[in-house]
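This is what each chain is made of:
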Amino acid sequence: MQRRNFLKSTALFGAALAASQANAFSLWKNSAQKRIALVGTGIRGSSLWGRNLVENYGEQVEFVGLCDINPGRVAFVKGAMGVDCPAYTDFDKMMTEAKPEWVIVTTMDSTHDAFIIGAMEHGANVITEKPMTTDAEKCQAILDAQERTGKQVLVTFNYRHSPHNTAIKQLLHDEEVGKVTSVDFHWYLNVYHGASYFRRWHGYVENSGSLWVHKATHHFDLLNWWVNAKPVAVTAFGALEHYGKNGPFRGESCRSCEHKAECPYYWDITEDEYLMNLYVDNEEYDGYIRDSCVFREDINIWDKMSAQILYDNDVVVNYSLTTYSPYEGYRIAFNGHNGRIDSWEDIPYQRGEYSKDEQAALHGAEMEFKTEEVPTEFHEVILHKNFERDFKSIKVPKYRYGHGGGDRRMLDYLFVNPDAADPLGHMAGTTDGAYSVLIGIAARKSIAEGRMVRLDELVKV
Ligand SMILES: NC(=O)c1ccc[n+]([C@@H]2O[C@H](COP(=O)([O-])OP(=O)(O)OC[C@H]3O[C@@H](n4cnc5c(N)ncnc54)[C@H](O)[C@@H]3O)[C@@H](O)[C@H]2O)c1
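The paragraphs below set out a description of the structure included in this document.

Criteria and thresholds
- Residues numbered from 1 in each chain as written.
- Predicted model: local features only at pLDDT ≥ 70, side-chain atom pairs only at ≥ 80, totals over all residues.
- Heavy atoms only, no water.
- Buried < 20%, exposed > 50% of the residue type's maximum accessible area, 1.4 Å probe, protein only.
- Helix = DSSP H or I, 4+ residues; strand = E, 2+ residues; numbered from the N terminus.
- Phe/Tyr/Trp six-rings, centres within 6.5 Å; stacked < 30°, edge-to-face > 60°.
- Lys NZ or Arg CZ within 6 Å of the ring centre and 35° of its normal.
- Near = heavy atom within 4 Å.
- Polar contact = N/O pair within 3.5 Å; in protein donor to acceptor, adjacent residues only side chain to side chain.
- Nonpolar A, V, L, I, M, F, W, Y, C, P; charged D, E, K, R; others polar.
- Salt bridge = Lys/Arg side-chain N within 4 Å of Asp/Glu carboxyl O.

1. What about helix H7 (residues 163-173)?
(1) Moving on: Within H7, 9 of the 11 residues are buried, leaving the element largely enclosed by the surrounding structure.
(2) Moving on: Of all the residues in H7, the buried ones are Pro163, His164, Asn165, Thr166, Ala167, Ile168, Lys169, Leu171 and Leu172.

Dropping the structure here:
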């Protein structure tokens, strides 16, 4: 990894953590069936890390405890997973009694730090969902706790594992366009998936760190991994112009709303039995309304985001995130001294088709986990070398489910083939977790203070 022009303190931070990350994977590989506890039994915890592990990775994993702040939800999920381990609402009690070797953290983003640090202090290692955390102080506390305890933390960046994103990484790794100097990366959330963040706890910076952190951590991690360098500085702009206070009317929840007929964002949670059991039946315990109004006055995250990122190998990235697009997808281009790589995901008019229903169903399919994978179409990656007329079109199998097929590949690597080689560095630890959230945290600070923010202002080692 190139470290030119990078500050000493940040380089030390990276080096120390790279060493502990290497340990994370060897430690994981060396233990046989893992005694696992899960904290956060919401949709991600109960499905991908819950029922799916029980059904598809039962020989590798033994659940010894489930924990959630909501007693009704954790009790329901215990039944839905079909496990007989104890269910807790007190994390420390679970750690003391159940003594797990590994803790999976799938709670609300702003609480991850408490469970990552708490698990390590109780002597366990950690698998945490993204984002690793939501602000610089918590990030620092996680890094310090890992240093203090010597425990391991895996951050589950599933997007890295999709065949499409892996194919792009391979071309860059092979230096097909020479040294990369700049990247254009633009991500579009459609009006179904994008709106879903504004219905939930994600609509408040204090819960999710905003989409600069909650969502963009995926994108920044891909960028950091693809360009194989460390981010140094960020300049950003953002606004809330569509959802929240901008709406023409509002209600408390879609279920009770008097504007159902006229609201394009009306969403009927009662059609989904699992979501009713998971959330609506347990509102009495925590007051969490899963189908809240996307036009709530107090939503305080951005719905339009744009940033420039400078890396320590001089790569400059132009990034944007849109949350109310007619279609879901992304465009990316890498400019190198010897040519250019272009790719895109799900741009409907480039596929020659466009269906409103398909757009509505896309997010559901993304969250689905399938053990039998069949590619539905192909992604295209264009490799165009300078001074050559013809370009190469590389076709990569496309999977409609489990984050482009990334979820299944990541879990197989973790649980079934942990000894497999990892030549492209798909597995991620706290260094990756930190850098991917620090870009978004720097972007928030850049917007607030109207200036470029260096990452070494945020976290010191
Ligand atoms: N990698 C991915 O593609 C992906 C996809 C979806 C979600 N996620 C991540 O998974 C996590 C959970 O997301 P979700 O969609 O399941 O949300 P969710 O709201 O359905 O679940 C969160 C759960 O955490 C519980 N919780 C909140 N605060 C708690 C506390 N202090 N102590 C114990 N439990 C607490 C809630 O009661 C809830 O059951 C998030 O961090 C999210 O970013 C990742």
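Alright, that's what it looks like, and here's the rest.
2. Quick word on the packing of aromatic side chains
(1) Moving on: What the rule picks out here adds up to 20 aromatic pairs.
(2) Moving on: When the ring of Phe185 is compared with that of Trp226, the centres are 5.7 Å apart and the planes differ by 70 degrees; the resulting orientation is edge-to-face. In this pair, Phe185 sits in strand E7 (residues 180-190) while Trp226 sits in helix H10 (residues 216-227), placing the two residues 41 residues apart along the sequence.
(3) Moving on: Here a set of aromatic residues connected by ring pairs shows up, and it is made of Tyr159, Phe185, Trp187, Trp212, Phe220, Trp226, Tyr319, Tyr330 and Phe334.
(4) Moving on: When the ring centre of Tyr274 is taken as reference, the NZ or CZ atom of Arg51 above it lies at 4.6 Å.
(5) Moving on: Arg290 extends its terminal NZ or CZ atom over the ring of Tyr279, reaching a point 5.4 Å from the ring centre.

3. Details of the site of the ligand
(1) Moving on: Of all residues adjacent to the ligand, which total 26 residues, the nearest are Asp68, Arg73, Asp109, Trp201 and Tyr279.
(2) Moving on: Between an oxygen atom of the ligand and a main-chain N or O atom of Lys130, the distance comes to 2.9 Å.
(3) Moving on: When contributions to the shell around the ligand are tallied by element, the ones reaching two or more residues are helix H2 (43-56) and helix H5 (112-121).
(4) Moving on: A breakdown of the residues in the shell around the ligand according to their chemical character gives 8 nonpolar, 11 polar and 7 charged.

4. Description of the pattern of salt bridges
(1) Moving on: This structure, assessed with the given rule, holds 22 salt bridges.
(2) Moving on: Of the charged contacts, one joins Glu129 and Arg44 as a salt bridge, the two residues approaching to 2.7 Å between their closest N and O atoms. Residue Glu129 is located in the loop between strand E5 (125-128) and helix H6 (136-149), and its partner Arg44 is located in helix H2; the two are separated by 85 residues in the primary sequence. Residue Glu129 shares its accessibility class with Arg44, and that shared class is buried.
(3) Moving on: Note that Arg160 and Asp221 form a salt bridge whose closest N and O atoms lie 2.7 Å from each other. In this pair, Arg160 sits in the loop between strand E6 (153-155) and H7 while Asp221 sits in helix H10, placing the two residues 61 residues apart along the sequence.
(4) Moving on: One salt-bridge network, in which partners are shared between bridges, spans Lys445, Glu449, Arg451 and Glu457.

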